[in-house]
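What follows is the residue order along each chain.
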Amino acid sequence: VGWRLEKGKDQFTGRNDVSPSETPVLDVGGGTGWACQWYVDRFSDGTEDLEQCQLFFFDDAGPPWARKDPATEGRWNRWNVRRKIWEPLDKSPPKPAGLYAGIGATRLSSRAES
């Protein structure tokens, strides 16, 4: 299940199921995925520096239907806009500063402790 604005609508009022062929590359579900995709879309038209995309994600395995990637599971990752992949980090992401949004689960497993 994914999220998208219905064609011809001017506000987001609900969800439409998307087919598997439309599954966003980010592979982050629910409202978290919707917000992440909106953020990443800012960089798709070339007006913002791709290197400024600061999207971090802890891959805590997720539900059974979620894509499993041994390279990212159980660790922090950063979205690479140019390559359209999650890249594993060697350590926790930088501490947020200034204007930022922290979204997603309220609790992570003990694997996220650093």
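Please read these numbers as outputs of a predicted model, since none were measured by experiment.

Participant: Explain the environment of G102 here, please?
Facilitator: Along the polypeptide, G102 turns up in the segment after β3 (85–88). Residue G102 is classed as exposed on the basis of its relative accessible area, which comes to 69%. As for G102 and F56, which are separated by 46 residues in sequence, their C-alpha atoms are 9.7 Å apart.

Participant: Sorry if this is basic, but what is going on with the packing of aromatic side chains here?
Facilitator: Remark: the centre distance and the inter-plane angle together describe each pair of aromatic rings, the angle taken between the planes. Taken as a whole, this structure holds five aromatic pairs when the rule is applied. Geometrically, the ring pair formed by W34 and W38 is tilted, given 5.6 Å between the ring centres and 55 degrees between the ring planes. Residue W34 and its partner W38 are both found in helix α1 (residues 30–41); the two are separated by four residues, about one turn of the helix. Assessed through its relative accessible area of 28%, W34 is described here as partly exposed. Geometrically, the ring pair formed by F58 and W76 is edge-to-face, given 5.4 Å between the ring centres and 65 degrees between the ring planes. Here the residue F58 occupies a position in strand β1 (residues 56–58), and W76 occupies one in strand β2 (residues 76–80), the gap between them amounting to 18 residues. Judged by relative accessible area, F58 falls into the buried class, the value being 7%. On the basis of relative accessible area, W76 is assigned to the partly exposed category, the value being 23%. An aromatic cluster of at least three residues, connected via ring pairs, comprises F57, W79 and W86.

Participant: How should the nonpolar core be read in this particular structure?
Facilitator: By size, the foremost hydrophobic cluster in this structure holds 10 residues: L26, V28, C36, V40, F43, C53, L55, W79, V81 and W86. Not counting residues within four places of it along the chain, the set of residues in contact with L55 comprises L26, C36, Y39, V40, N77, R78, W79 and W86.

What counts, and at which threshold
Residues numbered from 1 in each chain as written. Predicted model: local features only at pLDDT ≥ 70, side-chain atom pairs only at ≥ 80, totals over all residues. Heavy atoms only, no water. Helix = DSSP H or I, 4+ residues; strand = E, 2+ residues; numbered from the N terminus. Buried < 20%, exposed > 50% of the residue type's maximum accessible area, 1.4 Å probe, protein only. Phe/Tyr/Trp six-rings, centres within 6.5 Å; stacked < 30°, edge-to-face > 60°. Core = buried A, V, L, I, M, F, W, Y, C linked by side-chain atoms within 4.5 Å. Contact = heavy atoms within 4.5 Å.

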